[in-house]
Amino acid sequence: MKAAFRSRDIAIGYLRQLEEVHEPLGLRACGCGATGMCRTREILDRPWVKDRIRELERREHQRELEERFFPDVA
Ligand SMILES: [Zn+2]
């Protein structure tokens, strides 16, 4: 079960990397160099994708805090 969650987090991490490459640069410009509407950006802007990335970041932050303040438990 833990391996399944880890695989999911790796996949969501790939989406986050894509989000970095396709960062919006003002109106109708994308970090990938596309002008006009970037089709990848359209997918990354879907609420489901955004929610998964934010959840991953929240879990990573929680894990960092646990490791910092309770290093012997992890
Ligand atoms: Zn793009």
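Higher on the page you've got the structure.
Described below are features of the structure shown in this document. (Residues numbered from 1 in each chain as written. Predicted model: local features only at pLDDT ≥ 70, side-chain atom pairs only at ≥ 80, totals over all residues.)

Turning our attention to helix α3 (residues 47-69). Over its 23 residues, α3 extends 33 Å from the first C-alpha to the last, a length consistent with the 33 Å expected when each residue adds 1.5 Å. With zero of 23 residues buried, α3 lies mostly on the surface of the structure. (Helix = DSSP H or I, 4+ residues; strand = E, 2+ residues; numbered from the N terminus. Expected span 1.5 Å × (residues − 1). Buried ≥ 20, exposed ≤ 12 C-beta atoms within 10 Å, placed from the backbone.)

Among the secondary structure elements, isoleucine 10 is positioned in helix α1 (residues 2-21). What makes isoleucine 10 exposed here is the crowd of 10 C-beta atoms within 10 Å. Along the sequence, isoleucine 10 and leucine 56 sit 46 residues apart, while their C-alpha atoms lie 9.5 Å from each other.

Contact geometry for α1 and α3: axes closest at 9 Å, N-to-C directions at 110°. One way to sum up the angle between α1 and α3 is to call them roughly perpendicular. The crossing of α1 and α3 is left-handed. Here α1 contributes Asp9, Ile12, Gly13, Leu15, Arg16 and Glu19 to the contact with α3, which in turn contributes Val49, Arg52, Ile53 and Leu56. (Axes fitted to C-alpha atoms, helices over the stretch in contact; angles between N-to-C directions. Parallel < 35°, antiparallel > 145°, perpendicular 65-115°, else oblique. Left-handed = near helix turned anticlockwise from the far one by under 90°. Contact = placed C-beta atoms within 7 Å.)

This brings us to α1. With 20 residues, α1 should cover 28 Å at 1.5 Å per step; its first-to-last C-alpha distance of 29 Å lies within 8% of that length. Here α1 lies mainly on the outside; zero of its 20 residues are buried.

Take the environment of threonine 40 next. Locating threonine 40 in the fold gives a position in helix α2 (residues 39-44). Residue classification places threonine 40 among the partly exposed positions, given that 14 C-beta atoms sit within 10 Å. Expressed as a C-alpha distance, the spacing of threonine 40 and glutamate 19, which sit 21 residues apart in the sequence, is 8.8 Å. Among all residues touching threonine 40, those that are not within four sequence positions of it are Leu18, His22 and Cys32.

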